[in-house]
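Each chain is listed here by its residues.
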Amino acid sequence: MPKNADAPTKEAARKNGGLRQEDIVHGADELPCVRVESYNLEIRDGKGYIGDRASGRAFRALLDKVQDEAGDMAEDALGDVRAAELKKKEWDRLLTEGDADQAAIIHSAVEEFSQNLAAVVRRYLDHKSWKKVSRVVVGGGLRRSRVGELAISRTEMILRGDGIEIDLTPLHHHPDAGGMIGCVQLLPRDAFEDYDSFIAVDIGGSNIRSGIVLLNRDRAKDFSAAKVAEWELWRHREDKPKRDEALDHLGGMLRLLVGHAEDRKLKLAPIIGIGCPGRIAEDGGIENGTQNLPGNWEAKGFHLPEAVRERMPYVSGEKTRVILHNDAVVQGLSEVSRMREAKHWGVLTIGTGLGNASFTTLD
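My aim in this report is to walk through the structure given alongside it, one point at a time. Quantities reported herein were computed from a predicted structural model and do not represent experimental measurements.

For the protein chain, the count of helices and strands is 11 helices and 14 strands. Projected onto the principal axes, the alpha-carbon positions of the protein chain cover approximately 70 × 45 × 45 Å. Out of the 363 residues belonging to the protein chain, those deemed buried represent 55%. Accessible area for the protein chain stands at about 16,500 Å²; split by element, carbon and sulfur atoms hold 45% of it. Here the protein chain holds 52 positive side-chain charges and 59 negative ones, and the gap between their average locations is 4 Å.

The structure is reproduced here in structure tokens:
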């Protein structure tokens, strides 16, 4: 049995700044560097949840709409290919290297999507938790494309044209990495004092990612140099598992990562940080917002941190500590070092759905 699965020693129990699982508050508002003013806002109007109009799924629906409306012109440009079914890199290719008609299809969808995203931002800015927000980081899968960057820039232009002075900036990290790196900001720094790395998990509506986050404190004590050394990716939407099957698969991913850390002789903290869609209760229950996940994650009595600890009870010879927060919050936290000058700021994640959170930087 690898050493990371051994029972904890007395020496190990004194580490982690005395951090105990029972002391961890999941979905906390007060974090070491920021106060979370809101997250997972579900604002409705007469047409439903406003965020549904500015998600990755919504962008694909717009591509379908534009292509259908273009009729013969779109058929000449794309043949039997449905733009909505292409990968993001193919959208970028059509945008930058395609002929005028191909590029126009992508541009048209980007323009309508940007108008929708601007409308969503306006509604969030009307919410009391967003009224002071001056900068918004935009992450999620769509950001990882030229098409996404164009939509972010165009949305800011629309808002500024309406007299709303706000900065929209793409997530600095690769979105896959940002959704894990941000977990380091969920706990006090002394929780990582004796270690150089930890494991993080990003659970999304289409994929589950888990990775080893290198703290790199020799380069920056505030964790701004943290990076994901390696990760495992599972596209669960393709396999359509049940909830417990998904958790079992995640357990296997975690064990692989622990093995990789041992091979690299890393000092792996017995901490697993998790970002997950939904409203997170203090005890690790999930109250809503998990409709895109496999199975029922909002069931009474289901606590994701405990489910993960059951599948990974020890790391580095110590009892595993698991901390859980909303995935948009975690992705936003990866930008803490870049947002110091913005007292009030927010994050939007354009993935399968649209995630949101707002923050106040603490002095």
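It is worth spelling out unusual backbone geometry at this point. Only a minority of non-glycine residues have a phi that is not negative, and only a minority of peptide bonds are not trans. The residue Phe-223 is not glycine, and still its phi comes out positive at about 70°. Following the sequence through the fold, Phe-223 ends up in the loop between strand S7 (208–214) and strand S8 (227–234). Notably, Lys-265 is not glycine yet its phi reads approximately 55°, a positive angle. Here Lys-265 shows up in the loop between helix H9 (243–263) and strand S9 (268–276).

What follows is about the pattern of salt bridges. For the structure shown, the criterion picks out 26 salt bridges. Notably, a salt bridge pairs Glu-90 with Arg-93, separated by 3.1 Å at the nearest N-O pair. With Glu-90 and Arg-93 both in helix H4 (residues 88–97) and 3 residues apart, the pair spans about one turn of that helix. Here Glu-90 falls in the partly exposed class, since its relative accessible area comes to 26%. Put simply, Asp-248 and Arg-311 hold a salt bridge, and the shortest N to O gap is 2.8 Å.

With mixed pairing, 5 strands are arranged side by side in an open sheet as S8-S7-S6-S9-S12. One side of each edge strand has no neighbouring strand; the edge strands of this open sheet are S8 and strand S12 (321–326). Pairs of neighbouring strands in the sheet enclose a mean axial angle of 20°, with direction left out of account. Sheet contacts for helix H10 (residues 304–311): strand S6 (197–203), S9 and S12; angle to S12, the most-contacted strand, approximately 145°.

Moving on, we get to empty space enclosed by the protein. Leftover empty space is mapped by rolling, across the atoms, a probe with the size of a water molecule. Inspection of every chain in the model, using the stated rule, returns 1 cavity of 30 Å³ or more. In this structure, the largest cavity encloses a volume near 70 Å³. Lining the largest cavity we find His-173, Ile-181, Gln-185, Asp-222, Phe-223, Ser-224, Leu-333, Ser-334, Val-336 and Ser-337. Of the residues that constitute the lining of the largest cavity, the class distribution is 4 nonpolar, 5 polar and 1 charged.

The next thing to look at is the side chain of Ser-129. Looking at the secondary structure, you find Ser-129 in the loop between helix H5 (100–126) and strand S4 (135–139). A relative accessible area of 14% places Ser-129 in the buried class. Here His-127 takes part through its side chain, which lies 2.8 Å from a polar atom of the side chain of Ser-129. Among residues more than four places away in sequence, those in contact with Ser-129 are Glu-37, Ser-38, Leu-41 and Ser-358.

The next subject is the sheet that holds strand S5 (residues 167–170). A sheet is described by the order of its strands in space; here 5 strands give the open sequence S1-S14-S13-S4-S5, paired in mixed fashion. Because the sheet does not close on itself, it has two edges, and the strands there are strand S1 (34–39) and S5. Taken over all neighbouring pairs, the strand axes of this sheet differ in orientation by 25° on average, direction set aside. Relative to strand S13 (residues 344–350), S4 runs parallel, the two being bridged by 5 bridges.

Under the criterion given, the structure shown has 7 aromatic pairs. Note on Phe-59 and Trp-91: the rings are 5.0 Å apart at their centroids and 65° apart in plane angle, and the pair reads as edge-to-face. Placement of the pair is Phe-59 in helix H2 (residues 56–70) and Trp-91 in helix H4, with a sequence separation of 32 residues. Each member of the pair, Phe-59 together with Trp-91, is buried.

This part covers the side chain of Asn-207. Along the chain, the position of Asn-207 falls in the loop between S6 and S7. If we ignore the near neighbours within four places in the chain, the residues touching Asn-207 are Asp-202, Leu-233, Trp-234, Arg-235 and His-236.

Counting 72 residues, the largest nonpolar core has Phe-192, Ile-274 and Leu-304 as its most contacted members. Among the elements that take part in this core, H9 stands out by supplying 8 residues, more than any other. When residues no more than four places from it in sequence are discounted, the contact partners of Leu-304 are Ile-203, Leu-247, Ile-274, Cys-276, Gly-284, Ile-286, Trp-297 and Leu-324. Listed in part, the 43 residues of the second largest apolar core include Ile-43, Val-66, Tyr-124 and Ile-152.

So, about a negative patch on the surface. Taken together, the side chains of Asp-72, Glu-75, Asp-76, Asp-80, Asp-99 and Asp-101 define an acidic patch exposed on the protein surface. Accessibility expressed as a relative area gives 32% for Asp-101, which makes it partly exposed.

With respect to the secondary-structure elements, Glu-22 resides in the loop between helix H1 (10–13) and S1. Through-space distance from the C-alpha of Glu-22 to that of Leu-333 is 23 Å; in sequence the pair is 311 residues apart.

Parameters at a glance
- Residues numbered from 1 in each chain as written.
- Predicted model: local features only at pLDDT ≥ 70, side-chain atom pairs only at ≥ 80, totals over all residues.
- Heavy atoms only, no water.
- Helix = DSSP H or I, 4+ residues; strand = E, 2+ residues; numbered from the N terminus.
- Buried < 20%, exposed > 50% of the residue type's maximum accessible area, 1.4 Å probe, protein only.
- Areas by Shrake-Rupley, 256 points an atom, 1.4 Å probe, with all protein chains shown as cover.
- Lys, Arg positive; Asp, Glu negative; His and termini not counted.
- Charge placed at Lys NZ, Arg CZ, Asp CG, Glu CD.
- Salt bridge = Lys/Arg side-chain N within 4 Å of Asp/Glu carboxyl O.
- Pairing = 2+ DSSP bridges.
- Axes fitted to C-alpha atoms, helices over the stretch in contact; angles between N-to-C directions.
- Contact = heavy atoms within 4.5 Å.
- 1 Å grid on protein atoms, 1.4 Å probe; cavity = no way out; pocket = protein on both sides within 12 Å on 5 of 7 lines; lining within 4 Å.
- Points joined across faces, edges and corners; volume = space filled by probe spheres on them.
- Nonpolar A, V, L, I, M, F, W, Y, C, P; charged D, E, K, R; others polar.
- Polar contact = N/O pair within 3.5 Å; in protein donor to acceptor, adjacent residues only side chain to side chain.
- Phe/Tyr/Trp six-rings, centres within 6.5 Å; stacked < 30°, edge-to-face > 60°.
- Core = buried A, V, L, I, M, F, W, Y, C linked by side-chain atoms within 4.5 Å.
- Patch = residues over 30% accessible without salt bridge, like charges linked within 9 Å, V, L, I, M, F, W, Y side chains within 5 Å.

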